[in-house]
Amino acid sequence: HQFAMLVIAADDGPMPQSHEHLQILSLIGVRRGLVVLTKCDRVDAPRRAAARREVEALLAGTFLAGATIIETSGREDAGLAELRRALLGAADEYAVTRAARPFRMAIDRAFLLKGTGLVVTGTVHAGSIRVDDELFHFPSGTRGRVRSLRVQNLPADAAHAGDRAALNVTGLDAVAPARGDWLSVHQ
């Protein structure tokens, strides 16, 4: 659910690297985005219209076909407010989508803390988790439970998508969770 911002200068139009960037974005699975046509203050209206047509031709048949094209000028701040709104809207939409999904967290570290037990840390990629929720460890398939948690190094009752979290978990000691393993809600 990544979002791409393809940037093309109005005075040059799409360049060979524009095609390459679009191909790379397609290969890595990006499916949403917009185009920013920059340096619009440096060209006249006919060139700006031609650049827009060139961009539309580049995008035809790709995931960005029909995407919003925002014309900008750094000198005049033209289009920057529209670009800011579009990016914030995409971020808000992504946050809502990510929060609604089942909990997933990639483990960065796992360690035993004397008097506490097994602690796993990482970034919550989707959903949320609360104290006493059941977990599922990948790749072992072992079930565990959240005993306590911390978010951004402070005690918390829940961790949500985007949070850095440390979970004190039970039931996973025998599988020795490691960097790159995943935790999910038990399903």
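Rules of the game
- Residues numbered from 1 in each chain as written.
- Predicted model: local features only at pLDDT ≥ 70, side-chain atom pairs only at ≥ 80, totals over all residues.
- Heavy atoms only, no water.
- Helix = DSSP H or I, 4+ residues; strand = E, 2+ residues; numbered from the N terminus.
- Expected span 1.5 Å × (residues − 1).
- Buried < 20%, exposed > 50% of the residue type's maximum accessible area, 1.4 Å probe, protein only.
- Arc of directions from axis to C-beta.
- Contact = heavy atoms within 4.5 Å.
- Pairing = 2+ DSSP bridges.
- Axes fitted to C-alpha atoms, helices over the stretch in contact; angles between N-to-C directions.
- Phe/Tyr/Trp six-rings, centres within 6.5 Å; stacked < 30°, edge-to-face > 60°.
- Patch = residues over 30% accessible without salt bridge, like charges linked within 9 Å, V, L, I, M, F, W, Y side chains within 5 Å.
- Areas by Shrake-Rupley, 256 points an atom, 1.4 Å probe, with all protein chains shown as cover.
- Salt bridge = Lys/Arg side-chain N within 4 Å of Asp/Glu carboxyl O.
- Core = buried A, V, L, I, M, F, W, Y, C linked by side-chain atoms within 4.5 Å.

> Give me the lowdown on helix α1 (residues 16-27), citing residues and values where you can.
For α1, spanning twelve residues, the distance from its first C-alpha to its last is 17 Å, which sits close to the expected 16 Å at 1.5 Å a residue. Turning to α1, its buried residues are S18, L22 and L25. The arc that holds the buried residues of α1, viewed along the axis, is 60°, so those residues lie on one side. Of the residues in α1, the exposed ones pointing more than 90 degrees away from the buried face are P16, Q23 and L27. For α1, the elements touching its buried residues are β1 (3-9) and α2 (45-59).

> Please set out the sheet that holds strand β3 (residues 69-71) residue by residue, giving values where relevant.
Pairing is parallel across the open sheet formed by three strands, whose spatial order is β1-β2-β3. Each edge of the open sheet carries a strand with a single partner, namely β1 and β3. Within the sheet, the average angular offset between the axes of one strand and its neighbour, ignoring direction, is 25°. Note: strand β2 (residues 32-38) against β3, three bridges, orientation parallel.

> Residue-level account of the packing of aromatic side chains, with values.
Counted by the stated rule, this structure contains one aromatic pair. Taken together, a centroid distance of 4.8 Å and an interplanar angle of 75° make the contact between F136 and F138 edge-to-face.

> Residues and numbers for unusual backbone geometry, please.
Residue P139 follows F138 across a cis peptide bond; omega there is 15°. With respect to the helices, strands and loops of the structure, P139 is situated in the loop between β7 (134-138) and β8 (143-151). Here Q152, not a glycine, exhibits a phi torsion of approximately 50°, which is positive. Along the chain, the position of Q152 falls in the loop between β8 and β9 (154-156). For Q152, a relative accessible area of 46% gives the class partly exposed. A positive phi angle, near 70°, is found at N153, a position not held by glycine.

> Report on a nonpolar patch on the surface, specifying residues and quantitative values.
A contiguous nonpolar patch, built from F3, M5, V7 and L87 and spanning about 310 Å² of accessible area, is present on the exposed surface. Note that L87 resides in helix α3 (residues 80-100). By relative accessible area, which is 32% here, L87 ends up partly exposed.

> Tell me about the nonpolar core, residues and numbers included.
Counting residues in hydrophobic clusters, the biggest one holds 19 residues, and the most contacted among them are L6, V35, L37 and L64. Those elements that provide at least two residues to this core are β1, α1, β2 and α2. For this core, the element with the highest residue contribution is α2, accounting for four residues. Apart from the residues within four sequence positions on either side, L6 is in contact with S18, H21, L22, L34, V35, V36, L58, L59 and L64. Counting 18 residues, the second largest nonpolar core, distinct from the first, contains V146, L149, L167 and V185.

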